Amino acid sequence: MRVSPDTDPSGTAAVARRLKDGMANGVLSFPLTAFHEDGSLDPDGFRAHVAERIATAPGAVFPACGTGEFFSLDEDEYRQVVTVTVEESAGRTPVVAGVGYGWAQATRFARIAEEAGADALLVLPHYLVAAPQDGLVAQLEAVAARTRLPLITYQRGQVAYTADSLRRIAALPNVIGLKDGHSDLDRLQRLTLAAPEGFLFFNGAATAEIQARAYATVGVPAYSSAVHAFAPEIANACFTALRDGDHGTVDKLLRDFYVPFVELRDRVPGYAVSLVKAAARLRGRPVGPVRAPLTDPTPGDLADLSTLLTAGLDLVGAAL
């Protein structure tokens, strides 16, 4: 039986309520992990970056996830990233830390995030192997049994739940939501209809603004924004226009910024992170390079990104 706010006023239900309120009022922010030029972690650069994200009032902040290069962090670096985010948030914004790989390693990261003061966890797809539905459920059950923190599961790649599996994981007391990266609206509609009242869903497609209106039609208006990591002015303008039903502004932002950005992103595998980090550097933010196996943009692609970023900021009355 799921935990209710009445029986759990300061735990899982309270976190879910904060996230629901946040998701209704701002984009979900996935900060970049800052590195020095030699590839080592730059805690000071990360602190400055995450402080700027939180100052723009996102619905929640998700450190050490895909955009934050979770896959390239060791446990000590992960601890620093989550700790800094919690310190900078200071209770103002929910902090949801990424965990992943197999359930055993995910549990190690969960323990670190719990000690660092994170509010909840985003369970990233497990490593490498395809698995049946029973295995997907068992994987999440194993993580849920080993942490007190609320969990949001991320279906993407080899993880895709059926409605029956969604019912099973939603019955776990500390599983509070699902992030979708498949953009299969037929499947997603079936999941939202199968979920209990209060279960959280959000759009986790790459450059989610492109599909935000489509997701909203199946009851999933909340979304994550990689653009928020380098241009919160654009991300927040798009969120406000979507919320207010200002389709003219949404269309203009999509046509003149988001669609060209996606076309640039699709030129090279890994640009979904590399371009975001490069755009932050173009704005003078000390986030450093990406780590292998990602690569930084070519000079030509960087020049195109600079032109597009300038144009996008001009659309919302901001400057590079």
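Before any of the text, the structure's been laid out above.
Residues numbered from 1 in each chain as written. Predicted model: local features only at pLDDT ≥ 70, side-chain atom pairs only at ≥ 80, totals over all residues. Heavy atoms only, no water.

**Side note on the sheet that holds strand E2 (residues 60-61)**
(1) Moving on: Spatially, the three strands line up as an open sheet ordered E2-E1-E8, and their pairing is parallel. Looking along the sheet, the strands with just one partner apiece sit at the ends: E2 and strand E8 (224-225).
(2) Moving on: Looking at chain direction, strand E1 (residues 28-29) and E2 are connected through two bridges and run parallel. Within the sheet, the bridge partner assigned to Ser29 lies in E2 and is Val61. (Pairing = 2+ DSSP bridges. Helix = DSSP H or I, 4+ residues; strand = E, 2+ residues; numbered from the N terminus.)

**Considering empty space enclosed by the protein**
(1) Moving on: Under the definition given, this model contains one cavity of 30 Å³ or more.
(2) Moving on: When its volume is computed, the largest cavity comes out at roughly 70 Å³.
(3) Moving on: Elements with a minimum of two residues in the lining of the largest cavity: helix H5 (133-144) and strand E5 (151-155).
(4) Moving on: Broken down by element, the residue count for the lining of the largest cavity peaks at three residues, all from H5.
(5) Moving on: Among the residues making up the lining of the largest cavity, the classes are represented as eight nonpolar, three polar and no charged. (1 Å grid on protein atoms, 1.4 Å probe; cavity = no way out; pocket = protein on both sides within 12 Å on 5 of 7 lines; lining within 4 Å. Points joined across faces, edges and corners; volume = space filled by probe spheres on them. Nonpolar A, V, L, I, M, F, W, Y, C, P; charged D, E, K, R; others polar.)

**Focus on a nonpolar patch on the surface**
(1) Moving on: Taken together, the side chains of Tyr127, Leu128 and Val129 present a nonpolar region at the surface, about 360 Å² in accessible area.
(2) Moving on: Relative to the elements of secondary structure, Val129 occurs in the loop between strand E4 (120-123) and H5.
(3) Moving on: Residue classification places Val129 among the partly exposed positions, given a relative accessible area of 46%. (Patch = residues over 30% accessible without salt bridge, like charges linked within 9 Å, V, L, I, M, F, W, Y side chains within 5 Å. Areas by Shrake-Rupley, 256 points an atom, 1.4 Å probe, with all protein chains shown as cover. Salt bridge = Lys/Arg side-chain N within 4 Å of Asp/Glu carboxyl O. Buried < 20%, exposed > 50% of the residue type's maximum accessible area, 1.4 Å probe, protein only.)

**A look at the layout of surface pockets**
(1) Moving on: Here the largest pocket defines a volume of roughly 880 Å³.
(2) Moving on: Considering the residues around the largest pocket, the lining is formed by 34 residues, among which Gly66, Thr67, Phe71, Tyr154 and Arg156 are closest to the centre.
(3) Moving on: Broken down by secondary-structure element, the contributors of at least two residues to the lining of the largest pocket are E8, helix H10 (247-265) and helix H11 (271-282).
(4) Moving on: For the lining of the largest pocket, the element with the highest residue contribution is H11, accounting for three residues.
(5) Moving on: Its residues placed into classes, the lining of the largest pocket shows 20 nonpolar, 11 polar and three charged.
(6) Moving on: Here the second largest pocket defines a volume of roughly 410 Å³.
(7) Moving on: Met23, Gly219, Val220, Pro221 and Ala222 are the residues nearest the centre of the second largest pocket, which is lined by 18 residues in total.
(8) Moving on: Within the residue set of the lining of the second largest pocket, elements represented by two or more residues are helix H1 (12-25), strand E7 (200-203), helix H8 (212-217) and helix H9 (232-244).
(9) Moving on: Looking at side-chain class alone, the lining of the second largest pocket contains 13 nonpolar, two polar and three charged residues.

**Looking at the packing of helix H6 (residues 163-170) against helix H7 (residues 185-194)**
(1) Moving on: Orientation of H6 relative to H7, taken along the N-to-C sense of each, is 40°, at an axis distance of 9 Å. In terms of their interaxial angle, H6 and H7 are classed as oblique. Helix-helix and strand crossings are classified by hand; for H6 and H7 the assignment is right-handed. Residues Ala163, Leu166 and Arg167 of H6 lie in contact with H7, whose contacting residues are Arg190, Leu191 and Ala194.
(2) Moving on: Taken together, the residues of the contact of H6 with H7 sort by class into four nonpolar, no polar and two charged. (Axes fitted to C-alpha atoms, helices over the stretch in contact; angles between N-to-C directions. Parallel < 35°, antiparallel > 145°, perpendicular 65-115°, else oblique. Left-handed = near helix turned anticlockwise from the far one by under 90°. Contact = heavy atoms within 4.5 Å.)

**Some details on the packing of helix H3 (residues 75-89) against helix H4 (residues 103-116)**
(1) Moving on: For the pair H3 and H4, interaxial distance at closest approach is 9 Å and the crossing angle is 35°. For the element pair H3 and H4, the recorded crossing hand is right-handed. Across the interface between the two elements, Glu75, Tyr78, Arg79, Val82, Thr83 and Val86 of H3 pack against Gln105, Arg108, Phe109, Ile112, Ala113, Glu115 and Ala116 of H4.
(2) Moving on: Considering only residue class, the contact of H3 with H4 consists of seven nonpolar, two polar and four charged.

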